[in-house]
Each structure stands twice: as C-alpha cells, then as structure tokens.
Amino acid sequence: MRLHNSYTNQIEDFKTIDENKVKMYVCGPTVYDNAHLGHARCYITWDVLYRYLKFKGYDVTYCRNVTDVDDKILKKAEKEGKTPEEVSTFWYQRFSESMKALNNLKPDIEPFATKTLGEMISIVKDLINKGYAYEANGDVYFRVKKFPQYGYLSKQPIDQLESGARIEVGEQKEDPLDFALWKKDEKFGYKSPWGVGRPGWHIECSVMSKKYLGEEIDIHAGGEDLVFPHHENEIAQSECCNGVPFAKYWMHNAFLNIDNRKMSKSLGNFRTVREIGEKYDLQVLRFFMLNAHYRSPLNFSADLMEASRNALERITEAAARLRDRQAAATVQEATEDEKKLMQEEAAFVTKFEESMDDDFNTADAIAAIFDLVKYMNTTADGASSKEYLQNLLDRLCLLTDVLGIIVIKEEEMLDSEIEEM
C-alpha cells in the first residue's frame, strides 16, 4: 500500500509505527453551523480510508475531534442570546446527523476541546518552560523561529512567511510570525495560570491527538485548507513539546468547487449537506465524491450529480436483480462450472485492492466495481444455484461496503432472508 505524504510531497510505502496498528487523527468540525459540501468531501474521504485500512486487516484507532470553543461559536452565542455550550451542543447534533446520513462511520474516539482544557494548559506550560512559548498580558504565544523546520509542510520558506506577517491590534507578540497558544478572554474564558482565557485553535488538535493516540501517530489527515497555518502550527508545537516526529504521514484532500467557482456564502453558492439531501439520496453525493481522486479538485454541479445518480443505479439495480434471482433459485450447491467462475471473481477484488493501494484511488476502485457488475450481468443469466448467485452478491457488497456505498438497503430485504437471519 502506497500513500501520498504531504510532508515529503512523495508517494511512499505505508509502514506503521507499531506492527499492524494504525493511529489516525483527522481534524474535526467547529460546531456553529450546518455541515457543508466541503465537510462532506473531507469526512467521506477519511471515512473510506478508515474502512479500507480495516479491510486490509489493520487494527485502526480513528480519532476526530470536535472544536466546541472558538470565536465563531462565541459570536453566534452572543447574537442568539445563548451560551456557547448551547450553540455547540445543537450544531454538534446537526453535524452528527449529517455524517450518519452520508453513511460515515463514527470515529473510535471523538473528543471535545472543552473536555481537554487541563491537558492543554499543561502542554502550554511545558512549552513556556522549554523556551518555545511566552506569556504577554494574559496571552501565550509560540516562538515560531525557535522551530527551524517551520514551513516545511506548506513548502513556504520562513522569509516569505515573514513578508506577509502582521501584528493585529491588541496583540503583544515578540515576532509577527508567532501564533497564539492561549488567548485572554475574561467573558467566555476558563481559569489558567495566565488569567482567564481559552485555548488557541491549533493547540487543541495537538493535545487531543497526544492524549488519545500518543506522541507519535501514523496518519494525520484533513482538508488542504488546513495545511497552513493549522497543520504547520500543530507540527511545531507538538514536536517542540514531545521531542519526537508528530505524524508519519500527512494526507490532505483537495478543494471542492460549486459550478466551477469556489464555494462561499458571498457568492451565493454555499451548499449544506442537509440542502443536498432534500434533492438527492446522499448515497449519490457519496458516490459522486468518490469518483474523483482525493487529491484532485472536484467540481459539484447538477449535471454531474445526475450522472452519478444514473451510474449508482446501474450498481444497485444489478444487485437487486441478482438478489431476486438468488431467492428464486431452487438448486443450492454451485455446479463445477460455477465454481470455476467463482474463482475468476477474485480478479475483480484484486483489481479493486490494487487501485486502493495506489494512493487510495477510489475512482479506479469504482471502475473495478463496474467491471464486476458487468461480469455479474453476463454470468448470472446462466446460473442456477443459490451458492453461486449469493457469492456474486457477497463480492459486490464486500467492495461497495469498503466505499460506504449501500447497494441493498435493509428495508428491501426479502421476507425469506429475514426469516433465515
């Protein structure tokens, strides 16, 4: 299995830190609004990686955080006359509903930022003691120039970063590049050694990753919009605190555009998962997302969604026909010719795995599924046994399940199948 590592900008053989165990961290949502199509692409992508790693036999621990303390949450709370907790609790529930509707598996660990404040304060104190951070009137900043590798992930030399750096009003930084680990906030803050305040966004992920997965992890993933400054800052503070490499592989999914334009509220093309779910089965959205390589920009349009709906129907209809034929078959055991055909089916699984092993190429993996569907349609007509027809259906479900594509819905199961279960 080979994956693109954003840190080295190369496709590398995947080798875990501990044999057969994968520690995987994905930056989660800031819960103040509905999940949008950018969120959908990101979390579908890493859900499929999670599924595939388990399919390959790895013992995976998938951690995705929830940012429930942030400027956007506080602004919404003030605007609506609610507490920050009321805002974050409501929108986290909405986010969870959208993820379930997209058929994303729940992560093994889903920590909340506000539940790890003690650990955040401890790590900030450690960075101060080691000389990597300093307090200034209730704020705490990280000294970027104390970390020589800063800018390596985003491929931005320090002199280029300096030319664009600014000190905002109210900030008391030693250097414009320094970023906040802790922010003074007497209205919505928490007690700390530096006064009442709250954590900076970047420190949250470093702390939650360390607490639940350890100082070194195998995969850190997210959208490419997080490369700088979020992931760059995570690396700096984590490695200065822990003294070891933070993540072995950094993976990033590309942007999603709407009708060839960047999605934004100002352009009026901002689309939420809930809105799309009113027009389409969200399985169609999932299928659409996976038809492109995760590192390639993806354009969302009504025409492309219709094409995806038609393509997905080819798979689901083939599965339905096969299931009906299997239910009607009167012979149980496969014939010798059918057993030979069953051996041939393994080639489609191999092609699927080869595609996924080649930097997680879901588009080619879907092509392998269509090859299997064509084979199913060709050979099922002459088949007579339940065993052979069930074997075909099992192969299809095995591969589509890795992608989180549902080809047979539970409510569509036949009475005879339910009775047998």
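What counts and what doesn't
- Residues numbered from 1 in each chain as written.
- Predicted model: local features only at pLDDT ≥ 70, side-chain atom pairs only at ≥ 80, totals over all residues.
- Heavy atoms only, no water.
- Helix = DSSP H or I, 4+ residues; strand = E, 2+ residues; numbered from the N terminus.
- Buried < 20%, exposed > 50% of the residue type's maximum accessible area, 1.4 Å probe, protein only.
- Contact = heavy atoms within 4.5 Å.
- Areas by Shrake-Rupley, 256 points an atom, 1.4 Å probe, with all protein chains shown as cover.
- Lys, Arg positive; Asp, Glu negative; His and termini not counted.
- Charge placed at Lys NZ, Arg CZ, Asp CG, Glu CD.
- Pairing = 2+ DSSP bridges.
- Core = buried A, V, L, I, M, F, W, Y, C linked by side-chain atoms within 4.5 Å.
- Axes fitted to C-alpha atoms, helices over the stretch in contact; angles between N-to-C directions.
- Parallel < 35°, antiparallel > 145°, perpendicular 65-115°, else oblique.
- Salt bridge = Lys/Arg side-chain N within 4 Å of Asp/Glu carboxyl O.
- Polar contact = N/O pair within 3.5 Å; in protein donor to acceptor, adjacent residues only side chain to side chain.
- Expected span 1.5 Å × (residues − 1).
- Arc of directions from axis to C-beta.

**Q** Account for the overall build of the chain, with residues named and values stated.
**A** Scanning the chain for helices and strands turns up 14 helices and 13 strands. For the chain, the proportion of its 421 residues judged to be buried stands at 51%. Restricting the contact set of the chain to residue pairs at least 6 apart, pairs at least 24 apart contribute 77%. Total accessible area computed for the chain in this model is approximately 19,600 Å², and 48% of it derives from carbon and sulfur atoms. Each charge class in the chain can be summarised by its mean position, and for the 54 positive and 72 negative side chains these summaries are 4 Å apart.

**Q** Let's hear about the pairing of strand β6 (residues 139-142): which residues, and what values?
**A** Moving residue by residue along a regular strand, the side chains alternate between the two faces of the sheet. Burial along β6 is two-sided: D139 and Y141 facing one way and V140 and F142 facing the other are all buried. The hairpin formed by strand β5 (residues 133-136) and β6 contains two residues between the paired strands, and N137 there has a positive phi angle of roughly 55°. Relative to strand β7 (residues 179-184), β6 is paired through three bridges, and the arrangement is antiparallel. Bridged to V140 within β7 is W182.

**Q** Mind laying out the nonpolar core, listing which residues take part and the relevant values?
**A** Among the nonpolar cores identified, the biggest contains 86 residues, and M24, W46, I219, L285 and F352 are the most heavily contacted of them. If near-sequence neighbours (up to four positions away) are discounted, W46 is found in contact with M24, V26, Y62, A221, G222, M251, H252, N253, Y294 and F360. I121, L161, L226 and C240 belong to the second largest nonpolar core, which has 40 residues in total.

**Q** Would you mind going over the packing of helix α11 (residues 336-357) against helix α13 (residues 386-402) in detail, with residue names and values included?
**A** Close contact between α11 and α13 brings their axes to 10 Å; oriented N to C, the two are set at 5°. Here α13 runs roughly parallel to α11, going by the angle between their axes. For the pair formed by α11 and α13, the contact residues are E338, L341, M342, E345, A346, F348, V349, F352 and M356 on the first element and E387, Y388, N391, L392, R395, L399 and V402 on the second.

**Q** Got a sec to walk through the sheet that holds strand β10 (residues 247-253)? Specific residues and values, please.
**A** The four strands lie next to each other as β4-β3-β9-β10, forming an open sheet whose pairing is parallel. Each end of this open sheet is capped by a strand with a single partner; those strands are β4 (59-64) and β10. Shown here is a sheet whose adjacent strand axes are inclined to one another by a mean of 20°, direction ignored. Inspection of the sheet shows strand β3 (residues 21-26) paired to β4 by six bridges, in the parallel sense.

**Q** Pulling in residues and values, what's your account of the side chain of S6?
**A** Its location among the elements puts S6 in the loop between β1 (2-5) and β2 (10-13). The exposure class of S6 is buried, given its relative accessible area of 15%.

**Q** Pulling in residues and values, what's your account of the side chain of K23?
**A** The topology assignment puts K23 in strand β3. For the buried K23, no salt bridge exists, and the shortest N-O distance to an oppositely charged side chain is 4.0 Å, to D18. Among the polar contacts listed, one links the side chain of K23 to the backbone oxygen of E216, at a separation of 3.0 Å. For K23, the residues in contact, after removing those within four places along its chain, are D18, T61, L213, E216, I217, D218 and I219.

**Q** Before we move on, can you summarise helix α3 (residues 84-101) with the specific residues and values?
**A** With 18 residues, α3 should reach 26 Å at 1.5 Å per residue; the first-to-last C-alpha distance of 26 Å fits that figure. Of the positions making up α3, those classed as buried are V87, S88, W91, Y92, F95, S98 and M99. Along the axis of α3, the buried positions cluster into a sector of 120°, meaning they face one direction only. Exposed residues on α3 whose side chains face more than 90 degrees from its buried face are E85 and K100. Close packing links the buried residues of α3 with α1 (37-55), β4, α2 (71-80) and α8 (273-279).

**Q** Residues and numbers for the pattern of salt bridges, please.
**A** Applying the stated criterion across every chain, the model contains 31 salt bridges. D324 is the salt-bridge partner of R323, the closest N and O atoms lying 3.6 Å from each other. Note that E333 is salt-bridged to K339, the shortest N-O span being 3.4 Å. Note on E333: relative accessible area 52%, which makes it exposed.

**Q** Describe in detail helix α9 (residues 282-290), supporting the description with residues and values.
**A** Taken across its nine residues, α9 has nine buried, putting it largely inside the fold. Of the positions making up α9, those classed as buried are L282, Q283, V284, L285, R286, F287, F288, M289 and L290. For α9, the N-terminal cap is D281; the gap from its side-chain oxygen to the backbone nitrogen of Q283 is 2.9 Å.

**Q** Could you give me a rundown of the sheet that holds strand β11 (residues 256-258), with the residues and numbers involved?
**A** Read from one edge to the other, the open sheet built from three strands follows the order β12-β11-β13, with strand pairing classed as mixed. Lying at the two open borders of the sheet, with one neighbouring strand each, are β12 (261-262) and β13 (298-300). Those strands touched by α9 are β11 and β13, and its axis lies near 150° from that of β13.

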